[in-house]
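Residue-level structure breakdown
Read off the chains here:
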Amino acid sequence: MIGKLQGIVDYIASDHIILMAGPVGYKVYTPDTVTLGTNITMWIETVVREDSIRLFGFSTQSAMNLFNMLTGVSGVGPKVAMGIMGAIKSDTLMTSIATGDAKTIATAPGVGKKVAEKIIVELKTKVGGGAFTMDLTNDNGALPDLLSALESLGYRRMDIIDMAQKLVAQNPNADVTKLVPMALKEISGNK
C-alpha cells in the first residue's frame, strides 16, 4: 500500500488532485487546499473497495488518523469523512466531538443530526489526550451557551465557532453574560 507521496500538484478538481510523483500521476482525494504547481508531501490512506481503489491524502499524519477514526464510525464512509474534514477544521471537529456539539458536526455536507450524534458517541473517548484534554478542562460549559446566544442573534455557527472557542479558552472563568459582549466586539472588529 502507498503510505506517503511527494510530488508536484499537476491538476486540481473539486474533490481530488493529480499528484505527479516522478513520472506517475496519482489521483488523490484530499480535504486540503493546495496550489497548482507546488511541491507537496501527503500522508496517504488507501481505501480498497470491491469496485475501486482510492487514495486519500492529508498534509499531516494526525489529519489522516482523524479520517481513519471518522471512517471507523458505522455509517460514515470516506466521502462523508472527507466532507466533514473539508468543512470543519480538525481542532474544531475534535472539540465538537469532545464537548458533544452535534450541531457543528451536522453543518458538514452529508451529515445529519443522527450521524453527528453517532460520531460523538463512538469517538468521544478517542479524541481526548495531551494538550487537547487540557484545553477542554478549562471549558466551564460556556461554549454551547455562547454559540446558542450568537446563533439567536443571526450568526452562523460555522462563521463563529473558531472565535467562540478561542474566547472561552482565553476566559475560562467567564460566563455567557460576559462572553457575548466580548464576542460581539470581536465580530465587529473583524468587519
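Residues numbered from 1 in each chain as written. Predicted model: local features only at pLDDT ≥ 70, side-chain atom pairs only at ≥ 80, totals over all residues. Heavy atoms only, no water.

Our focus in this paragraph is the side chain of His 16. Residue position: His 16 is located in strand S2 (residues 16-21). There is a polar contact of 2.8 Å between the side chain of His 16 and the side chain of Asp 15. Setting aside anything within four residues of it in sequence, one finds His 16 in contact with Tyr 11, Lys 27, Val 28 and Tyr 29. (Helix = DSSP H or I, 4+ residues; strand = E, 2+ residues; numbered from the N terminus. Polar contact = N/O pair within 3.5 Å; in protein donor to acceptor, adjacent residues only side chain to side chain. Contact = heavy atoms within 4.5 Å.)

Looking now at the sheet that holds strand S5 (residues 53-58). Two strands in a sheet stick together by hydrogen bonds in their backbones, pointing the same way (parallel) or opposite ways (antiparallel). Strand order in the closed barrel formed by five strands is S1-S2-S3-S5-S4, with mixed pairing between adjacent strands. Ignoring which end each strand starts from, the neighbouring axes of this sheet average 55° apart. Where strand S1 (residues 4-12) meets strand S4 (residues 39-48), five bridges bridge the pair, whose relative direction is antiparallel. Across the sheet, residue Ile 8 finds its bridge partner in S4, namely Asn 39. Contacts from helix H2 (residues 78-87) reach strand S3 (24-29), S4 and S5, with the element oriented near 20° to S5. (Pairing = 2+ DSSP bridges. Axes fitted to C-alpha atoms, helices over the stretch in contact; angles between N-to-C directions.)

Both S3 and S5 contribute to a ladder of two bridges, which runs parallel. The partner of Tyr 29 across the bridge, within S5, is Phe 56. Here S4 hands over to S5 after four residues, the two strands then running antiparallel side by side.

What follows deals with a nonpolar patch on the surface. A cluster of nonpolar side chains, namely Met 1, Val 48 and Ile 53, defines an oily patch on the protein surface of about 390 Å² accessible area. Counting through the fold element by element, Ile 53 comes out in strand S5. (Patch = residues over 30% accessible without salt bridge, like charges linked within 9 Å, V, L, I, M, F, W, Y side chains within 5 Å. Areas by Shrake-Rupley, 256 points an atom, 1.4 Å probe, with all protein chains shown as cover. Salt bridge = Lys/Arg side-chain N within 4 Å of Asp/Glu carboxyl O.)

Before going further, it helps to spend a moment on the nonpolar core. Residues Phe 58, Phe 67, Leu 70, Ile 84, Leu 93, Ile 105 and Ile 119 are the most contacted members of the largest nonpolar core, which totals 28 residues. Ranked by residues supplied to this core, first place goes to helix H1 (residues 61-71) with five residues. Residues contacting Phe 58, with those up to four places away along its chain left out, are Pro 31, Asp 32, Thr 41, Met 42, Trp 43, Glu 45, Ala 63, Met 64, Phe 67, Met 82 and Met 85. Ile 160, Leu 167, Val 180 and Ile 187 belong to the second largest nonpolar core, which has 16 residues in total. (Core = buried A, V, L, I, M, F, W, Y, C linked by side-chain atoms within 4.5 Å. Buried < 20%, exposed > 50% of the residue type's maximum accessible area, 1.4 Å probe, protein only.)

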